[in-house]
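# Structural features, examined
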Amino acid sequence: MKNVVVVGTQWGDEGKGKMVDILAPYFDIVVRYQGGHNAGHTVRIGDRQFILHLIPSGILHSERACIIGNGVVVDPRAFNSELEELHQSGIESEGRLFLSNRAHLILPYHVALDCAREKRLGANSVGTTMRGIGPAYEDKAARTGVRVGDLLYPDLLRAHVRKNVEDANHELVSLGADPLDAEQLLDEYLSEALRLKPFISDTAAMINTAVSEGKSLLLEGAQGAMLDIDHGTYPFVTSSNATTGGAATGCGLAPKRITGALGITKAYTTRVGGGPFPTELLDETGRHLRERGNEYGASTGRPRRTGWFDAVVVSYSNMLNGIDAMALTKLDVLDDLEEIKICTAYEYRGETLKEMPYGASLLDECEPVYETFPGWKTDTVGLTEYDQLPEAAKNYIRRIEELCHAPVALISTGPERSETIIRKVSIVSDWMKYTERGAK
Ligand code: GDP
Ligand code: IMO
Ligand code: MG
């Protein structure tokens, strides 16, 4: 049995899309288990670039089946436009893309509420992607949500949505936003949403049958552990479980059937939106990381906040996710620096903290304690062999492994598929063994 979760260990945008693309040929099915089109997963193949939001990155491999699990929230317009973009690029999804009947739908009132609430929070806003993610998950938890499977019963769905629009309008008006017209909303929405019908499936049953037949799953996480609703920097988080635990509930796979976890970890740190970020750099080095690393949101285009590698964050994430190995990405972005820092602990009111403290306001007060390393000042772009790395880069990687209690099995040295070092003796090379159905 080989069912591996790919999970971000920081605040998202670690390079999950690239790593899923590399691993997908060695698995039978690629599954998204949480989040929605707040995600932006970039895959570079030669000089072509794809940005996947809702559809698993495995779709780029024409022989792979892809599933959007029950834990995902789905905006039909985003789904359709992503399908169309793929189609324009010559990638067909029909017959190999399946959408859980139990996934919840994002409706226009979720988007309106997301925007109105963020506006109301002003300077304290979360900095959401404004895509209705939080309000859709709220409706799910409040047991008032509309699910993908409801599209098969349009009359019931219409009545349900009318009631929800009425409730949402009370809140929208109280927040100073315009109310929505239920009938107009339904007409426009259903014309998009009914196009989802051919994809609707009982995906948990499909997944479990496939696993029982010996097929393997690659479970593609969105966001990152520090944005997890339970374990992240609450309330500056997303509204789902981005950690590996979310993979089990988010696709209906028993935890004992998940056999491995690959943590995707950027060689420095970035964050988009509000919330604490102890190692943030607001200086020239921060700007350098943003420009050299092209740190602009793949979904919203917002500039990402940048900072030094935070080993407190990553060791906490590795613990929560049960990480077997890490993929360290964007090492090349550090190439020009004189010196490079790693945060090994925090100072909080005269105390040294080695572990992640509770809550955003505490973390906001933490000062990072750094270890400083000499930079390598050598071009590592595109390297594919570990031995080609400069000694200073190897030292940096070794220290990350020590501090974060997991081996670095993959090192990414550029955005392109091939710009990757795969270390021979690692659990990842076991995952990349060719199977009967695996890559040719
Ligand atoms: P994801 O959300 O985790 O899939 O990551 P994003 O796609 O949002 O952001 C990662 C960005 O870094 C994308 O623009 C990738 O093309 C790019 N990228 C990935 N790995 C590397 C790398 O090793 N070096 C460089 N320079 N860019 C990379
Ligand atoms: P990928 O999968 C980085 C952030 C938003 C905001 C917070 C809540 O590409 O790594 P939401 O719209 O989810 O309610 O916003 O979460 N956020 C991400 N940051 N990468 C992502 O996805 C993100 N998805 C959400 O910026 O701070
Ligand atoms: Mg992203």
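Here, every reference points to the structure presented above.
Read on for a plain summary of the structure. Here the structure is a predicted model, which means the values were calculated and not measured. (Residues numbered from 1 in each chain as written. Chains lettered and ligands numbered in written order. Predicted model: local features only at pLDDT ≥ 70, side-chain atom pairs only at ≥ 80, totals over all residues. Heavy atoms only, no water.)

Once that is clear, we can look at the coordination of the magnesium ion (ligand 3). For the magnesium ion (ligand 3), the protein coordination sphere consists of Asp13 (OD) and Gly40 (O), at 2.1 to 2.2 Å. Highlighted residues: aspartate 13 in the loop between β1 (3-8) and α1 (16-23) and glycine 40 in the loop between β2 (29-32) and β3 (41-45), separated in sequence by 27 residues. Of the residues examined, aspartate 13 reaches a relative accessible area of 22% and is grouped as partly exposed. Overall, the relative accessible area of 12% leaves glycine 40 in the buried class. (Donors = N, O, S within 2.8 Å, 3.2 Å for Na, K, Ca; no water. Helix = DSSP H or I, 4+ residues; strand = E, 2+ residues; numbered from the N terminus. Buried < 20%, exposed > 50% of the residue type's maximum accessible area, 1.4 Å probe, protein only.)

Moving on, we come to the sheet that holds strand β5 (residues 65-68). Spatially, the ten strands line up as an open sheet ordered β9-β7-β5-β2-β10-β1-β11-β15-β19-β20, and their pairing is mixed. The open sheet is flanked by β9 (200-201) and β20 (420-422), the only strands paired with a single partner. By the bridge criterion, three bridges tie strand β15 (residues 325-329) to strand β19 (residues 408-412) in an arrangement that is parallel. Each residue of the ladder has a partner; that of leucine 328, found in β19, is isoleucine 411. (Pairing = 2+ DSSP bridges.)

As a further point, take the site of ligand 2. Lys16, His41, Thr129, Gln223 and Thr238 are the nearest of the 20 residues found near ligand 2. Side-chain polar atom of histidine 41 to an oxygen atom of ligand 2: 2.7 Å apart, as the coordinates give it. Here ligand 2 loses 98% of its free accessible area of 550 Å² to cover by the protein chains. The residue inventory of the shell around ligand 2, partitioned by class, reads seven nonpolar, ten polar and three charged. Residue-level mapping places the shell around ligand 2 at the junction of two domains, with at least three residues from each of domain 1 (3-96 + 202-438) and domain 2 (104-199). (Near = heavy atom within 4 Å. Polar contact = N/O pair within 3.5 Å; in protein donor to acceptor, adjacent residues only side chain to side chain. Areas by Shrake-Rupley, 256 points an atom, 1.4 Å probe, with all protein chains shown as cover. Nonpolar A, V, L, I, M, F, W, Y, C, P; charged D, E, K, R; others polar. Domains from an automatic or database assignment.)

Further remarks concern the site of ligand 1. The full set close to ligand 1 counts 18 residues, and Lys16, Gly40, Thr42, Asp332 and Ser412 are the nearest of them. At 2.8 Å, a backbone N or O of glycine 15 approaches an oxygen atom of ligand 1. The separation between an oxygen atom of ligand 1 and a polar main-chain atom of glycine 414 is 3.0 Å. For ligand 1, the protein covers 94% of the area, taking 590 Å² as the surface of the free molecule. At a threshold of 2 Å from the grid points, most atoms of ligand 1 map onto the second largest pocket. The leading source of residues in the shell around ligand 1 is α1, at three residues. (1 Å grid on protein atoms, 1.4 Å probe; cavity = no way out; pocket = protein on both sides within 12 Å on 5 of 7 lines; lining within 4 Å. Sits in = over half its atoms within 2 Å of the grid points.)

A few words now on the layout of surface pockets. In this model, the second largest pocket occupies a volume close to 580 Å³. What lines the second largest pocket is a set of 25 residues, and nearest its centre among them are Thr42, Gly293, Arg304, Lys330 and Pro415. Of all the elements in the fold, those that place two or more residues in the lining of the second largest pocket are α1, β3 and β4 (48-52). For the lining of the second largest pocket, the class distribution of residues is five nonpolar, eleven polar and nine charged. (Points joined across faces, edges and corners; volume = space filled by probe spheres on them.)

The terminal C-alpha atoms of helix α3 (residues 108-121), which comprises 14 residues, lie 20 Å apart, in line with the 20 Å expected from a rise of 1.5 Å per residue. Where α3 is concerned, the buried positions are Tyr109, His110, Leu113, Asp114, Ala116 and Glu118. Structurally, α3 contributes buried residues whose contacts are with β8 (104-105), α4 (133-141), α5 (154-174) and α6 (182-193). Once α3 ends, the next one or two residues include glycine 122, with phi positive near 55°. (Expected span 1.5 Å × (residues − 1). Contact = heavy atoms within 4.5 Å.)

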